[in-house]
Amino acid sequence: MYVMGISLLSVLAAAVATMVLGFLWYSPLLFARPWMVLMGYDPDDKAKLAEMQKGAGMMYGLSFLASLVSAAVLAKIVAITTVTSPLYGMKVGFAVWVGFVTTVQLTNVLFARQPFKLYLINTGYQLVCYLAMGAILAVWPW
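First, a word on what this report is: a plain description of the structure on this page. (Residues numbered from 1 in each chain as written. Predicted model: local features only at pLDDT ≥ 70, side-chain atom pairs only at ≥ 80, totals over all residues. Heavy atoms only, no water.)

**A word on the packing of aromatic side chains**
For the coordinates displayed, the defined rule picks out 7 aromatic pairs. Ring geometry for Trp-25 and Phe-31: centres 4.8 Å apart, planes at 45°, overall tilted. On the accessibility criterion, Phe-31 (28% relative accessible area) is partly exposed. Site record: aromatic cluster; members linked through ring pairs are Tyr-26, Trp-35, Tyr-41 and Tyr-125. (Phe/Tyr/Trp six-rings, centres within 6.5 Å; stacked < 30°, edge-to-face > 60°. Buried < 20%, exposed > 50% of the residue type's maximum accessible area, 1.4 Å probe, protein only.)

In structure tokens:
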């Protein structure tokens, strides 16, 4: 099914990929502990963690919706530029990340006076997501 010249299935696949990457990125395997500490949470406070997990469903749902929107916009850019290789799709994803994601997140970190390491963790995740989405959307038939 296509809407505005983009495959909804490719958008769905790209959005799902960002969620999978997020589960890995913010897992104990990679950045869960440093992210929690930088956010001001105690990773060893089991009661607080259990409380945070209670509202996680809505946050994951809204995050997935945001991923769908990002994937749809990136899909349209990829389609307009007629990019059809994973490498060039990743280049388009990188350009969008540099031009829009990093700048917005940097401004937020500066004015919220958050640690720069937190910016690197969060923006690094976004980089990986946009590279993956760009590759997926470039090779998916639109």
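**Re the side chain of Ser-7**
Inspection of the secondary structure assignment puts Ser-7 in strand E2 (residues 6-7). A residue is classified by how much of its surface remains accessible, and Ser-7, at 4% relative accessible area, is buried. At a separation of 3.5 Å, a polar atom in the side chain of Ser-7 contacts the side chain of Trp-140. Once residues within four sequence positions are removed from consideration, Ser-7 is found in contact with Met-1, Tyr-2, Trp-140 and Pro-141. (Helix = DSSP H or I, 4+ residues; strand = E, 2+ residues; numbered from the N terminus. Polar contact = N/O pair within 3.5 Å; in protein donor to acceptor, adjacent residues only side chain to side chain. Contact = heavy atoms within 4.5 Å.)

**Examining the pattern of salt bridges**
Inspection of every chain in the model, using the stated rule, returns 2 salt bridges. As a salt-bridge pair, Arg-33 and Asp-44 come within 3.0 Å of each other at their nearest N and O atoms. Within this pair, whereas Arg-33 is found in helix H2 (residues 32-38), its partner Asp-44 is found in the loop between H2 and helix H3 (46-54), the two being separated by 11 residues in sequence. Judged by its relative accessible area of 46%, Arg-33 is partly exposed. For Lys-48, the salt bridge identified is with Glu-51, shortest N-O distance 3.9 Å. Of this pair, Lys-48 and Glu-51 both sit in helix H3, 3 residues apart, roughly one helical turn. (Salt bridge = Lys/Arg side-chain N within 4 Å of Asp/Glu carboxyl O.)

Shape is all these values report; function is a separate question.
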